[in-house]
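Single-letter residue listing:
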Amino acid sequence: MKLPDYSVASIAANQRKMHTDFYMTGPFGQTTRFGTVGKGNEMKNLLKKLKNFFKDITKHPRFISLLSIIMYYYSRWVGKTTRWDVFGMNQLYQVWHQDKAIILVIWHGRAMMIPHFWNRQRPLKALVSLHKDGRIIAGFLEKYGFGTIGGSSTNGAQSAALALLHSLQNDTAVAIIPDGPRGPRMKMSISPLYFARKSGKPIFGATYSIEHSLIAKSWDAMLLPPPFCRGILHITKPYYIPADASDEDLEKYRQEIENDMNNLTFKADRRFGLPKIEPGVSAKSKRYPDKSEKN
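Residues numbered from 1 in each chain as written. Predicted model: local features only at pLDDT ≥ 70, side-chain atom pairs only at ≥ 80, totals over all residues. Heavy atoms only, no water.

1. Brief notes about the nonpolar core
Counting 38 residues, the largest nonpolar core has Leu-92, Leu-104, Tyr-208 and Leu-233 as its most contacted members. Among the secondary structure elements, those contributing two or more residues to this core are α3 (61-81), α4 (89-99), β4 (103-106), β5 (124-128), α5 (132-144), β7 (173-176), β8 (203-210) and β11 (230-235). Core analysis: the second largest hydrophobic core is formed by 26 residues, Ala-101, Phe-195, Ala-196 and Ile-277 among them. (Core = buried A, V, L, I, M, F, W, Y, C linked by side-chain atoms within 4.5 Å. Buried < 20%, exposed > 50% of the residue type's maximum accessible area, 1.4 Å probe, protein only. Helix = DSSP H or I, 4+ residues; strand = E, 2+ residues; numbered from the N terminus.)

2. Points about the environment of Leu-214
Structurally, Leu-214 is set in strand β9 (residues 214-215). Taking the relative accessible area as the measure of exposure, Leu-214 reaches 56% and is therefore exposed. Put simply, Leu-214 and Pro-225 are 11 residues apart on the chain and 6.5 Å apart in space, counted from C-alpha to C-alpha. If near-sequence neighbours (up to four positions away) are discounted, Leu-214 is found in contact with Met-222, Leu-223 and Leu-224. (Contact = heavy atoms within 4.5 Å.)

3. So, the packing of aromatic side chains
Following the criterion strictly, the structure yields 9 aromatic pairs and no others. When the centroid spacing of 4.8 Å and the interplanar angle of 80 degrees are considered together, the rings of Trp-84 and Phe-117 count as edge-to-face. Taken together, the residues span a long stretch of sequence, with Trp-84 in strand β3 (residues 83-87) and Phe-117 in the loop between β4 and β5 at a distance of 33 residues. Each member of the pair, Trp-84 as well as Phe-117, carries the same accessibility label: buried. One aromatic cluster is present, formed by Tyr-72, Tyr-73, Phe-140 and Tyr-144 through successive ring pairs. The cationic tip of Lys-276 hangs over the ring face of Phe-266; the distance from NZ or CZ to the ring centre is 4.5 Å. (Phe/Tyr/Trp six-rings, centres within 6.5 Å; stacked < 30°, edge-to-face > 60°. Lys NZ or Arg CZ within 6 Å of the ring centre and 35° of its normal.)

4. Some details on the side chain of Arg-254
Locating Arg-254 in the fold gives a position in helix α8 (residues 247-271). One polar contact links Arg-254 to Gln-255, side chain to side chain, over a distance of 2.9 Å. Arg-254 has contacts with Met-188, Ser-189, Ile-190 and Leu-193, leaving out every residue within four places of it along the chain. (Polar contact = N/O pair within 3.5 Å; in protein donor to acceptor, adjacent residues only side chain to side chain.)

5. Things to note about the pattern of salt bridges
In total, this model carries 10 salt bridges according to the counting rule given. For the salt bridge of Arg-271 with Asp-85, the shortest nitrogen-to-oxygen distance reads 2.4 Å. In this pair, Arg-271 is assigned in helix α8 and Asp-85 in strand β3, connecting sequence segments 186 residues apart. Residues joined in a network through salt bridges with shared partners are Lys-187, Glu-251, Arg-254 and Glu-258. (Salt bridge = Lys/Arg side-chain N within 4 Å of Asp/Glu carboxyl O.)

6. What to know about helix α6 (residues 157-169)
With 13 residues, α6 extends 18 Å between its outermost C-alpha atoms, agreeing within 8% with the 18 Å of an ideal straight helix rising 1.5 Å per residue. Ala-160, Leu-164, Leu-165, Ser-167 and Leu-168 are the residues of α6 that are buried. End-on, the buried residues of α6 take up no more than an arc of 160 degrees, which puts them together on one face. The exposed residues of α6 that point more than 90 degrees off its buried face are Gln-158, Leu-162, His-166 and Gln-169. Residues of α6 that are buried in the fold lie against β4, β5, β6 (147-150), β7 and α7 (191-199). Asp-171 lies just past α6 and shows a positive phi near 60 degrees. (Expected span 1.5 Å × (residues − 1). Arc of directions from axis to C-beta.)

7. Focus: α4
Of all the residues in α4, the buried ones are Met-89, Leu-92, Val-95, Trp-96 and Asp-99. One side of α4 carries all its buried residues, which in axial view fall inside an arc of 130 degrees. Exposed residues lying more than 90 degrees from the buried face of α4 are Asn-90, Gln-94, His-97 and Gln-98. Buried-residue contacts for α4 involve β3, β4, β5, β7, β8 and β11. Of the residues flanking the end of α4, it is Lys-100, one or two places downstream, whose phi is positive at about 75 degrees.

Structure (structure tokens):
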């Protein structure tokens, strides 16, 4: 009868059979070592590394560029195949021509289709945040021909504000998402009114709805529109903010613009039988950009 081999060399050989180092290479060339695969805590560590591996893929510049391209062509497809009813666009372009520049505000969840209506006759820059989602949106807008200004309330705010004012003073319109990047959704921030008071340029709000759209289960309740359907676009009246407006006056204008945009959104959704999207109560908990996205 052969006795089991309990030598150190034998035990090490058996461990090598049970535990194997392996590596995984992502679609964009990055390689991650996942270490040894075994039982218990080692499997938990493996799953954690897999999660981080796929998270790293979503932050890769090529992945972000790919998503921007997909968004752009899908938006173009939906825009061209939708049968649109448009309200307020003629007035917007008349005022834009008269005042040389405007401030366009759009809800985060209703931003995808707005670039479809830009006629490219006058320059337009959009404020985009610096986190991953903002870089996707920046790439998407740049494919439409927009200029972009990087910054948000949590990062690059001062330089972004100066760039916005400089653009308006040089007769370049700006687009701002006043409930982004963290919400609450459909709640107007005060910053566009400061720019309007300082520059003398009017604020317009824009919103839309498309029948048979899905509503994403995200903080902004983003509208996910299908092609070949009916759609409606609403533009608010122009809001001019006097140069001597007090902070109390700004708050009144802010609430009026917010109510106007929300009522037009409710009206458009109701026409197509979509559920009413209520404004958010609190901001998204995650802070952007997080530590892993600073570079």
